[in-house]
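Spelled out from the first residue to the last, the chains are:
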Amino acid sequence: MTDMKRRLSNRSKLRQNAAAWMIMAPSIALFAFFIWVPLLQSVVMSLFETTNITLDKFVGFANYADIFQNPLFGKALVNTLMYTFWSLVIGFLTPIFMALVISEAPRWRGFFRTAAYLPNILPALAAVLLWSAFFSGEESGAINSILALFGAEPTSFLDKSWLVIPLIVLISTWKGAGATALIYMAGLSGINPELYDAAAIDGAGVFRRLRHITLPSIFNLGSTLMILQIIAIFQILYEPMVLTHGGPDNSTLSLMLLMWRYITGGDMDYGKASATGVLIALILLGFTVIYNILNKRKSDSV
Amino acid sequence: MKTRIRLFSVAIALCMLITACSSGAPEGGNSSGNGDPTQPSSQTQNPVEKTPTPTPAPTQENPGEVIDAELTAEVSFGNYPPDTAPELELDTFDRWLEILVTQYPNVTPIPDYYSYTLDTYTPRAVGGTAPTIFQPPFTDPQLLISQKLVGDVTDALEEYGLLEKFSPAFVDLLSDENGRIFGMPRDTYVLGLHLNLDLFREAGLMNEDGTPQYPKTLQELAEKGKIIKEKTGKAGLVFPASETFGGWLWTNIAWNFGAVGENALERQIDGRWVVNLTSEPAVAALEYIKSLKWEYDILNADATTTTWASAHTVLGVGEAAMNFAANDSVSNPTATAGLPVESFALVPFPGVEGKDAYALSGGTAYMFAPDVTTDEAVACLALLRIAGLLPFANAEIEAGMRADAASRRDRGVPVILPIPMWNDPEFLALQKAITEEYTNVDQRLYADYFDSMNNGTISLKGEEPVYSQQLYRDVTAAIERVIANEDSDPAALLGMVEANFQKFLDSNVNN
């Protein structure tokens with residue numbers, strides 16, 4: 001191909017893609033303004049000593065070194081991993097189960113879909129406050145009132161270090177599972193019904209159909225939603241902030257809450273807060289890379 | 001289609017129900033309830049019947065003459081009462097603005113509902129949207145000054161003749177190293193003990209003359225709390241052991257156990273700040289809190305998640321009989337949470353037998369946006385003068401003070417004397433006379449609290465000097481542990497906090 005022809009071809013491609021670029025331009029500009037630029041600014045800020053949000057002095061990785069020396073960082077990291085663990089235990093399978101049950105409902109499927117989604121429309125803080133009334137250790141607390149019917153003494157739920165993280169994950173799951181279930185339902189509706197018919201003719205029962213048709217069909221969707229769930233739960237902030245304030249004894253302190261405390265804890269240290277944010281981003285990047293490698297290996301082997 | 005409409009109706013009904021349920025949630029922050037134009041009480045319930053046709057204070061009916069037609073400024077007043085505030089309160093504030101624009105025709109006042117918190121203020125200050133005047137607590141002025149987030153108002157204060165009335169303690173608190181001043185005191189508080197007299201009465205702890213048999217020592221507090229718990233089933237003491245509140249209250253308890261002088265929690269030795277949390281008195285204070293839970297069992301059930309604001313609500317609704325709190329938040333359990341003023345008392349912070357008694361003293365300041373001009377600051381001071389909140393004894397100030405006292409009385413807030421902040425005997429005498437005229441409470445229920453400061457029974461003490469918020473947060477975690485776990489070791493926990501906090505001081509202050 002001569003140079004002239006190549007140039008004409010490139011120009012033609014550019015003309016073809018111009019419309020697509022024009023459509024994407026506003027989104028790219030918004031992304032750049034609201035996501036990429038602040039992200040880069042955070043990385044820069046994490047390398048500086050700051051006065052409020054003004055950069056004062058370049059300090060290299062000193063902010064990172066200080067964070068690693070903070071005994072609360074280790075605790076917050078372990079807690080955040082515990083949030084992730086419990087989120088996978090409680091929160092990953094729940095929407096799949098809900099989607100399967102609702103999809104199989106012979107009647108009122110629309111009602112169940114709406115009902116499952118309803119907690120999602122509740123403002124996040126209202127949901128946490130609502131549940132705090134449930135978990136209240138006072139006699140008037142909702143759970144204690146129910147327990148009292150069986151003669152049980154009132155008990156405190158939110159001062160038990162081992163229990164609080166699962167309770168917070170329970171609240172998040174209650175609020176978010178309905179929306180995720182809708183996505184799974186969309187995935188389930190895309191499965192070819194002939195597969196089920198063929199399996200039924202071959203004598204496959206409900207569980208074999210589930211194992212050999214349904215779950216493999218939504219595997220990719222489930223994998224993507226799992227990584228999104230890990231990313232979301234790793235950034236958990238307002239639930240422990242409102243429900244337990246990070247306590248008791250910092251047992252619900254998450255990395256995001258630690259970052260928040262660097263700003264609001266009395267020394268207004270935006271440099272260290274940014275460094276914590278960058279560390280969270282790096283950890284999540286690591287998770288995603290590992291997930292992609294494992295996923296690719298699985299696809300290759302198939 | 002019908003099904004969809006039905007579902008939609010159900011969804012709407014649920015939303016409305018949820019909104020209705022959540023609207024009564026207690027608001028954070030303390031509230032002085034002193035009718036300050038930049039500090040509404042923000043209560044969502046008002047147990048006192050509203051005045052049918054609210055009228056401004058009689059002496060404020062005439063807004064007066066133009067004082068300065070040249071003063072041109074656009075000023076926003078933080079903490080302005082929201083539209084949902086009681087009508088009487090809104091009318092009072094609106095009237096003050098009306099007088100302001102009559103006296104200064106070129107001043108444009110802008111009500112701003114923003115209530116200061118450290119986390120929300122920074123973006124507003126940096127983005128140029130901070131209210132011209134706002135109210136941070138005494139823990140924050142030095143931080144805000146060092147972070148260049150507040151404006152210099154020395155010239156405006158001088159022009160208004162306020163500098164000479166400043167107490168030296170407030171000058172240090174509100175100025176930078178060059179002596180420039182960035183604010184003025186709004187109110188001060190001294191920690192004491194809020195009492196719910198209904199529960200004291202039910203527990204048989206009232207004298208025949210109608211005064212409570214309140215605890216004078218921490219030991220008595222535990223014992224009387226136990227009596228209350230046994231006789232009423234309600235908590236003897238509500239203790240906010242979350243965020244930084246637990247550590248904050250613990251410092252006062254520790255001082256009373258003797259954590260002062262050589263045993264001070266924070267001391268500067270040879271230029272180095274040293275923290276001492278493992279002294280005998282400091283450990284005794286944490287053991288005391290532990291005993292309240294595991295020996296006397298008088299704490300409220302959710303102590304580890306109770307905040308300063310919710311503690312007041314717990315007392316106000318009768319779920320606890322006592323709360324470590326101060327004169328600046330008497331409106332919270334009463335007007336906000338519904339406790340009638342005659343069922344409320346404020347008494348001195350309990351001491352320890354044979355030891356000096358201390359009470360933590362702090363307060364709230366008025367500070368100004370970083371780009372404030374002298375004219376804007378003068379316009380803000382003019383509004384405070386109209387509201388009767390500046391230390392001048394004249395007819396206008398008197399009118400403002402009367403309107404303020406009447407407003408508090410009508411809202412069901414105890415009308416009591418503020419703790420003096422200014423050196424002006426004439427102003428203080430006027431304040432006393434008006435308080436006595438409008439008071440709605442039995443003064444005997446507050447007398448010991450105020451007398452204890454004047455007769456030397458109790459010494460006032462400011463917060464620990466270095467990174468106090470950080471200290472409180474770390475100690476609060478230890479408090480949460482002793483409340484949650486009967487087998488916890490207070491001395492070991494404080495040892496850990498001490499080691500970590502010393503490291504923090506070494507890297508942030510001592511380096």
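Residues numbered from 1 in each chain as written. Chains lettered and ligands numbered in written order. Predicted model: local features only at pLDDT ≥ 70, side-chain atom pairs only at ≥ 80, totals over all residues. Heavy atoms only, no water.

Engineer: It is not clear to me how the overall build of chain A should be interpreted in this structure. Could you clarify?
Structural biologist: The helix and strand tally for chain A stands at 13 helices and two strands. Taking 2.2 N^0.38 as the reference for a compact globule, 302 residues should give roughly 19 Å; the C-alpha atoms of chain A span a radius of gyration of 25 Å, well beyond that estimate. Taken over the C-alpha atoms alone, chain A extends approximately 90 × 75 × 35 Å along its principal axes. Per-residue burial for chain A yields a buried fraction of 38% across its 302 residues. Computed over 21 positive and 17 negative side-chain charges, the separation of the two mean positions in chain A equals 17 Å. (Helix = DSSP H or I, 4+ residues; strand = E, 2+ residues; numbered from the N terminus. Rg over C-alpha atoms; globule rule 2.2 N^0.38 Å. Buried < 20%, exposed > 50% of the residue type's maximum accessible area, 1.4 Å probe, protein only. Lys, Arg positive; Asp, Glu negative; His and termini not counted. Charge placed at Lys NZ, Arg CZ, Asp CG, Glu CD.)

Engineer: Hey, could you run me through the pattern of salt bridges in this one?
Structural biologist: Side chains carrying opposite charge are able to pair once their charged atoms draw close together. According to the stated counting rule, one finds 22 salt bridges over all chains in the structure shown. Across the pair Arg180(B) and Asp155(B) runs a salt bridge whose closest N-O atoms are separated by 3.4 Å. Remark: Asp155(B) occurs in helix α5 (residues 154-159) and Arg180(B) occurs in the loop between α6 (168-174) and β4 (183-196); sequence separation between them is 25 residues. Across the pair Arg186(B) and Asp187(B) runs a salt bridge, and its minimum N-O distance is 1.8 Å. Overall, Asp187(B) belongs to the buried group, its relative accessible area being 8%. One network of salt bridges, with partners in common, ties together Asp66(A), Asp269(A) and Lys272(A). (Salt bridge = Lys/Arg side-chain N within 4 Å of Asp/Glu carboxyl O.)

Engineer: Where do I start with the pairing of strand β2 (residues 107-111) of chain B in this structure?
Structural biologist: The side chains of a regular strand alternate between both faces of the sheet. Residues and elements named next belong to chain B. Of the pairings in the sheet, the one linking strand β1 (residues 73-77) to β2 comprises five bridges and is parallel in character. Bridge pairing links Glu 74 to Thr 108 in β2. You can see the chain leave β1, run along helix α2 (residues 87-103) and come back into β2, and the turn it takes is right-handed. (Pairing = 2+ DSSP bridges. Right-handed = clockwise from strand over helix to strand, strands pointing away.)

Engineer: Got a minute to help me understand the packing of helix α10 (residues 280-294) of chain B against helix α18 (residues 490-508) of chain B in this structure?
Structural biologist: Helices that pack against each other are described as a pair by the angle of their axes relative to one another and the distance between those axes. Residues and elements named next belong to chain B. Closest axis-to-axis distance for the α10/α18 pair is 9 Å, and the angle between their directions is 125 degrees. Judged on the interaxial angle alone, α18 and α10 are oblique. For the element pair α10 and α18, the recorded crossing hand is right-handed. Facing α10, whose interface residues are Ala 282, Val 283, Leu 286, Glu 287 and Lys 290, α18 presents Pro 490, Ala 491 and Leu 494. Counted by class, the contact of α10 with α18 contains six nonpolar, no polar and two charged residues. (Axes fitted to C-alpha atoms, helices over the stretch in contact; angles between N-to-C directions. Parallel < 35°, antiparallel > 145°, perpendicular 65-115°, else oblique. Left-handed = near helix turned anticlockwise from the far one by under 90°. Contact = heavy atoms within 4.5 Å. Nonpolar A, V, L, I, M, F, W, Y, C, P; charged D, E, K, R; others polar.)

Engineer: How should the interface of chain B and chain A be read in this particular structure?
Structural biologist: When the parts of a complex come together, some accessible area is lost, and that lost area is often used as the size of the interface. Contact with chain B, which involves 36 residues of that partner, is made by 36 residues of chain A. Contact between chain B and chain A buries roughly 3,100 Å² in total, counting both sides, with carbon and sulfur atoms accounting for 59%. Seen at the junction of chain B and chain A, the total is one salt bridge. A salt bridge links Arg481(B) to Asp249(A); the nearest nitrogen and oxygen atoms lie 2.3 Å apart. Counting every contact that joins chain B to chain A gives eight residue pairs in polar contact (both at pLDDT 80 or more). (Buried area = accessible area lost by both parts, 1.4 Å probe. Polar contact = N/O pair within 3.5 Å; in protein donor to acceptor, adjacent residues only side chain to side chain.)

Engineer: I keep staring at the nonpolar core and nothing clicks. Help me out?
Structural biologist: Generally speaking, a soluble globular protein has its nonpolar side chains buried in company with each other. Residues and elements named next belong to chain B. Core analysis: the biggest nonpolar cluster contains 93 residues, and Tyr 121, Leu 144 and Met 184 have the highest contact counts within it. Top element by residues in this core is helix α13 (residues 374-386). It accounts for nine residues. If we skip the residues at most four places from it in the chain, Met 184 touches Leu 157, Leu 162, Phe 166, Leu 174, Ala 365, Tyr 366, Leu 381, Leu 384, Leu 390 and Trp 422. Ala 222, Ala 282, Ala 326 and Tyr 446 belong to the second largest nonpolar core, which has 88 residues in total. (Core = buried A, V, L, I, M, F, W, Y, C linked by side-chain atoms within 4.5 Å.)

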